[in-house]
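This is what each chain is made of:
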Amino acid sequence: AVVSTQSTGELKYEVFMKLIDDDTFTQSDVKGLVAALTFILRSSLRTDVESTSLDSELQQLGFPKEHSGILTNTYTEHNNKAREALRRSSLRYPAPTIEWTVDYIASSTSHGKIEEPLINLKINNTPCTLTLNKLDVLLAELKTASKCIKNIKL
């Protein structure tokens, strides 16, 4: 159930309620177990841990061999789907609000003839004024950052 949560995003609590109903575990025990498994599996998915390593680590944490084997098999079966779900939910940031104007200064009484456009940006209510050269540098840096983000592998 925890592994399928990584790919679907929904946790089926009915499965875990059976453990509480049997008086084997308390509700807080089950919540702790689910949180720990979620952390372990998400970390394994993010770092692309091999199934043999995951199996070994789970056994070192105290899981019985058959339980770690079941978790590892499920991890292997749902790996691609869960990684895709993690990728879609990662690095989310709301789109910024951007306002801009261009002022073209032909000349100034103190500086004489200028003839240079100034770009006034306001990104999320933070003002910024750029020359055309600085705008070109900013645009190039943003394109580079965008390519780097697209190449990140989860």
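Residues numbered from 1 in each chain as written. Predicted model: local features only at pLDDT ≥ 70, side-chain atom pairs only at ≥ 80, totals over all residues. Heavy atoms only, no water.

J.: Explain the overall build of the chain here, please?
T.: When you go through the chain residue by residue, the secondary structure sums to six helices and three strands. Helices and strands in the chain line up, N terminus first, as α-α-α-α-α-β-β-β-α. Within the chain, the fraction of its 154 residues that count as buried is 21%. Sequence separation of at least 24 residues holds for 39% of the intrachain contacts in the chain that already meet a minimum separation of 6. (Helix = DSSP H or I, 4+ residues; strand = E, 2+ residues; numbered from the N terminus. Buried < 20%, exposed > 50% of the residue type's maximum accessible area, 1.4 Å probe, protein only. Contact = heavy atoms within 4.5 Å.)

J.: Help me understand the pattern of salt bridges, please; the structure alone is not making it clear to me.
T.: Close approach of charged atoms allows side chains with opposite charge to pair. Scanning the entire structure with this criterion turns up one salt bridge. The closest approach of N and O atoms between arginine 83 and aspartate 48, which form a salt bridge, is 3.0 Å. Placement of arginine 83 in helix α5 (residues 65-89) and of aspartate 48 in the loop between α3 (27-46) and α4 (51-60) is noted, with a sequence separation of 35 residues between them. Look at arginine 83 and you get buried, because its relative accessible area is 15%. (Salt bridge = Lys/Arg side-chain N within 4 Å of Asp/Glu carboxyl O.)

J.: Help me understand α4, please; the structure alone is not making it clear to me.
T.: Side chains that are three or four residues apart share a direction in an α-helix, a result of its 3.6 residues per turn. Turning to α4, its buried residues are Leu54, Asp55 and Leu58. Along α4, the residues classed as buried sweep out an arc of 100 degrees about the axis, all on the same side. More than 90 degrees from the buried face of α4, the exposed residues found are Thr52 and Gln60. Its buried side turned inward, α4 meets α3 and α5. Backbone geometry just downstream of α4 places glycine 62 in the positive-phi region, at approximately 110 degrees. (Arc of directions from axis to C-beta.)

J.: Help me out: how do you make sense of a nonpolar patch on the surface in this one?
T.: Together, Ile98, Trp100, Val102 and Ile123 line one region of the surface with nonpolar side chains, adding up to about 410 Å² of accessible area. When residues in the nonpolar patch are grouped by element, the largest group, three residues, is from strand β1 (residues 98-108). Following the sequence through the fold, valine 102 ends up in strand β1. Judged by its relative accessible area of 46%, valine 102 falls in the partly exposed class. (Patch = residues over 30% accessible without salt bridge, like charges linked within 9 Å, V, L, I, M, F, W, Y side chains within 5 Å. Areas by Shrake-Rupley, 256 points an atom, 1.4 Å probe, with all protein chains shown as cover.)

J.: Sorry, what's going on with the nonpolar core here?
T.: As a rule of thumb, soluble globular proteins bury nonpolar side chains together. With ten residues, the main nonpolar core is built from Leu37, Ile40, Leu41, Leu45, Leu54, Leu58, Leu71, Tyr75, Ala82 and Leu86. Going through the elements one at a time, α3, α4 and α5 are the ones with two or more residues in this core. (Core = buried A, V, L, I, M, F, W, Y, C linked by side-chain atoms within 4.5 Å.)

J.: Help me out: how do you make sense of unusual backbone geometry in this one?
T.: Peptide bonds are, in most cases, trans, and in most cases residues other than glycine have a negative phi. Phi is positive for asparagine 124, close to 50 degrees, though the residue is something other than glycine. Examined against the element boundaries, asparagine 124 turns out to sit in the loop between β2 (112-123) and β3 (126-131). The exposure class of asparagine 124 is partly exposed, given its relative accessible area of 35%. Phi angles above zero are rare outside glycine, and asparagine 125 is one such case at about 65 degrees. One can find asparagine 125 in the loop between β2 and β3. Residue classification places asparagine 125 among the exposed residues on the basis of a relative accessible area of 60%.

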